[in-house]
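# Breakdown of the fold
Residue-level listing of the chains:
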Amino acid sequence: MRGKHGTQGADGARAAFLGMPAFPEAARRAVHDPVLRANLRHATHTIRARRAQAVAELADWDRLRAAGKAVKDHTLRHLDRYLVQLEESVTAAGGTVHWAVDAAEACRIVTRLVQATGAREVVKVKSMATQEIGLNEALEEAGIAAYETDLAELIVQLGHDRPSHILVPAIHRNRGEIRDVFAREMGRWGRPAPDGLGDDPRELAEAARRHLREKFLRAQVAVSGANFMVAETGTLVVFESEGNGRMCLTLPETLISVVGIEKVVPTFRDLEVFLQTLPRSSTAERMNPYTTMWTGTADGDGPSAFHLVLLDNGRTDTLADAVGRQALRCIRCSACLNVCPVYERAGGHAYGSVYPGPIGAVLSPQLRGTGSRVDASLPFASTLCGACEEVCPVAIDIPEVLVHLRERIVQGGPATRDGVRVRIRPARANTAERAALRAARLLLDHPGALRAGERLLARARRLRPRRLPGPGRAWTDSRDLPEPPEQPFRDWWEQRERQDERGRP
């Protein structure tokens, strides 16, 4: 979809991600960056340890986890009913609801709403949904400046960078790099950084606070996402740690919230579960520092106009997959990233998506399809160690979904795209792998041939190459070829059996 009002920005942002290299190629570059590796290792280990402490304080954590899973699964099974109820509740409270089938339509709606106010700039609360649709780029094309107000998002924006973590988008930057970004770029976006800015976190935070304050005070329009939407009351909820969200959600005259349709929960009481699990799983805090809730509009209190843009953008297609739909339970806590050995070494940029790490490896290929190199490679960006499933506060079995998507990519099969049931063809890149598996199956079906091959391999063990040729080179680029044993297991076992028989009375 192309047209006026910023739809090219959404398409451009999508093209930028889909034009990225496949995960193995991007990760190969990342693991050779010692600064990036050090930044990631320090940050993920710190967050991981603090989260474990916070979770251990709750004796009923497993029951809370099960309750969150149950609430999400129930909502997804009846999503059509709860979305209609949500629209009715928001409308009754004075808000306006818009439905967006894809990124282009969502960008077009938001751009039109901003233009209707006459504003030429907006302040933004941290929102992965707006990053997903490329909203900043769409607004820029329409001549509207979008200012990120979350500290980490501000660092990413000023550095002309991309987020690399769900909770800490600038996790790949250290303090010295942040200081350099502030000193170099702040003056181009507004109030410059003070002369002689150091890399002490308090100095950096103060520079960001002064830079953003003038934007908060003059902003007429704010754009946000939401962590949850309550169908029963039409209430939206944002969790944040810095207070910038509270400023954006209360000061401007117009508030526009872009939220994925999976973020709805049935009742206000359901929030009780997530108010306990999300802070502990994300920031390792017992309670979120700022939890802002709003229901429509009220005279003299907060924005006078509220618009809710409900975003599909592949979520209905994901819902149609009985195995893959559990990814829609995700509450964006980022716990799975902090325990993932692959993410710790490769970083978020290698995933080619605003959703990095294990959850991105299962969510992005479902939202965007597996037609691109990067999306077809993401389900393989995992060791299947299961650590991600163990820490997930809504019990998403990420390894199960990864294997499910791998099977679809390698073997093809049914899937839903744009609401239509289609059959995906096997990926061409996996032709050699399928041939190898067919050969292995043929060999295993003929025990005599397998035994002869094992004996031949044992006798030729001294001729073993350290690297495989052809397609096998990719496997041995990162590991040594195992040394064959001196004798096959079958021969060893038979020899042992004969010895045992001779030793019997």
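Refer to the structure printed above.
Cut-offs applied
Residues numbered from 1 in each chain as written. Predicted model: local features only at pLDDT ≥ 70, side-chain atom pairs only at ≥ 80, totals over all residues. Heavy atoms only, no water. Patch = residues over 30% accessible without salt bridge, like charges linked within 9 Å, V, L, I, M, F, W, Y side chains within 5 Å. Areas by Shrake-Rupley, 256 points an atom, 1.4 Å probe, with all protein chains shown as cover. Salt bridge = Lys/Arg side-chain N within 4 Å of Asp/Glu carboxyl O. Helix = DSSP H or I, 4+ residues; strand = E, 2+ residues; numbered from the N terminus. Buried < 20%, exposed > 50% of the residue type's maximum accessible area, 1.4 Å probe, protein only. Pairing = 2+ DSSP bridges. Contact = heavy atoms within 4.5 Å. Expected span 1.5 Å × (residues − 1). Bend = angle between axes of the 7 residues up to and from the residue. Core = buried A, V, L, I, M, F, W, Y, C linked by side-chain atoms within 4.5 Å. Axes fitted to C-alpha atoms, helices over the stretch in contact; angles between N-to-C directions. Phe/Tyr/Trp six-rings, centres within 6.5 Å; stacked < 30°, edge-to-face > 60°. Lys NZ or Arg CZ within 6 Å of the ring centre and 35° of its normal.

## Things to note about a nonpolar patch on the surface
A cluster of nonpolar side chains, namely Leu217, Met247 and Leu251, defines an oily patch on the protein surface of about 290 Å² accessible area. Mapped onto the elements of the fold, Met247 is located in helix α12 (residues 244–250). Relative accessible area serves as the criterion here: at 31%, Met247 is assigned to the partly exposed category.

## Describing the pattern of salt bridges
In total, this model carries 28 salt bridges according to the counting rule given. Glu494 serves as the salt-bridge partner of Arg451, at 2.7 Å between the closest nitrogen and oxygen. Of this pair, Arg451 sits in helix α22 (residues 447–459) while Glu494 sits in helix α24 (residues 489–503), placing them 43 residues apart in sequence. Among the charged side chains, a salt-bridge network with shared partners connects Glu132, Glu262, Arg315 and Arg332.

## As for the sheet that holds strand β6 (residues 235–240)
The strand order across the open sheet built from four strands is β8-β5-β6-β9, with neighbouring strands paired in mixed fashion. The sheet is open, and its two borders are formed by β8 (264–265) and β9 (290–295), each paired with just one other strand. Bridge count for strand β5 (residues 228–230) against β6 is three bridges, and the pairing is antiparallel. Note that in β6 the partner of Met229 across the bridge is Leu236.

## Re the side chain of Glu148
Relative to the assigned elements, Glu148 resides in strand β3 (residues 145–148). We classify Glu148 as buried; its relative accessible area is 4%. Look past the residues within four positions of Glu148 in its chain and what remains in contact with it is Lys124, Asn136, Glu153, Leu154, Gln157 and Leu212.

## A closer look at helix α10 (residues 175–189)
Between its first and last C-alpha, α10 extends 20 Å over 15 residues, near the 21 Å set by a 1.5 Å rise per residue. At Ala183, α10 is deflected by roughly 35°, the largest bend along its length. Listing the buried residues of α10 in full gives Gly176, Ile178, Val181, Phe182, Glu185 and Met186. Elements in contact with the buried residues of α10: α9 (151–158) and α11 (201–218). At the C-terminal side of α10, Gly190 shows a positive phi close to 160°.

## Re the nonpolar core
One finds Phe23, Phe182, Phe228, Leu308 and Ile359 to be the most contacted residues of the largest nonpolar core, which totals 97 residues. Apart from the residues lying within four places of it in its own chain, the contact partners of Ile359 are Ile166, Ala327, Cys330, Cys336, Leu337, Ile396 and Ile398. Of all hydrophobic cores here, the second largest spans 24 residues; its members include Ala103, Val114, Ala142 and Ile144.

## As for the sheet that holds strand β7 (residues 254–260)
Within a sheet, neighbouring strands are paired by backbone hydrogen bonds and run either parallel or antiparallel to one another. Ordered in space as β1-β10-β7-β4-β2-β3, the six strands form an open sheet in which the pairing is parallel. Two strands close off the open sheet at either side, each with one partner strand: β1 (96–100) and β3. Sheet twist, expressed as the average angle between the axes of neighbouring strands with direction ignored, equals 25°. In this structure, β1 lies alongside strand β10 (residues 305–311), joined through five bridges in parallel fashion. Looking at β10, one finds that Val97 is bridged to Leu308. Its contacts with the sheet place helix α6 (residues 103–117) against β1, β2 (121–124), β4 (221–224), β7 and β10, and it is angled at close to 145° to β1.

## A closer look at the packing of aromatic side chains
Counted according to the given criterion, the structure contains nine aromatic pairs. Geometrically, the ring pair formed by Phe23 and Tyr351 is tilted, given 4.8 Å between the ring centres and 55° between the ring planes. Linking Phe23 in helix α2 (residues 23–30) with Tyr351 in the loop between α16 (341–346) and α17 (357–368), this pair joins segments that are 328 residues apart in sequence. Overall, the relative accessible area of 0% leaves Tyr351 in the buried class. Through a chain of ring-to-ring contacts, the aromatic side chains of Phe23, Tyr343 and Tyr351 assemble into a single cluster. The cationic tip of Arg81 hangs over the ring face of Tyr82; the distance from NZ or CZ to the ring centre is 4.7 Å. Directly above the aromatic system of Tyr147 lies the positively charged group of Lys215, at a separation of 4.5 Å from the ring centroid.

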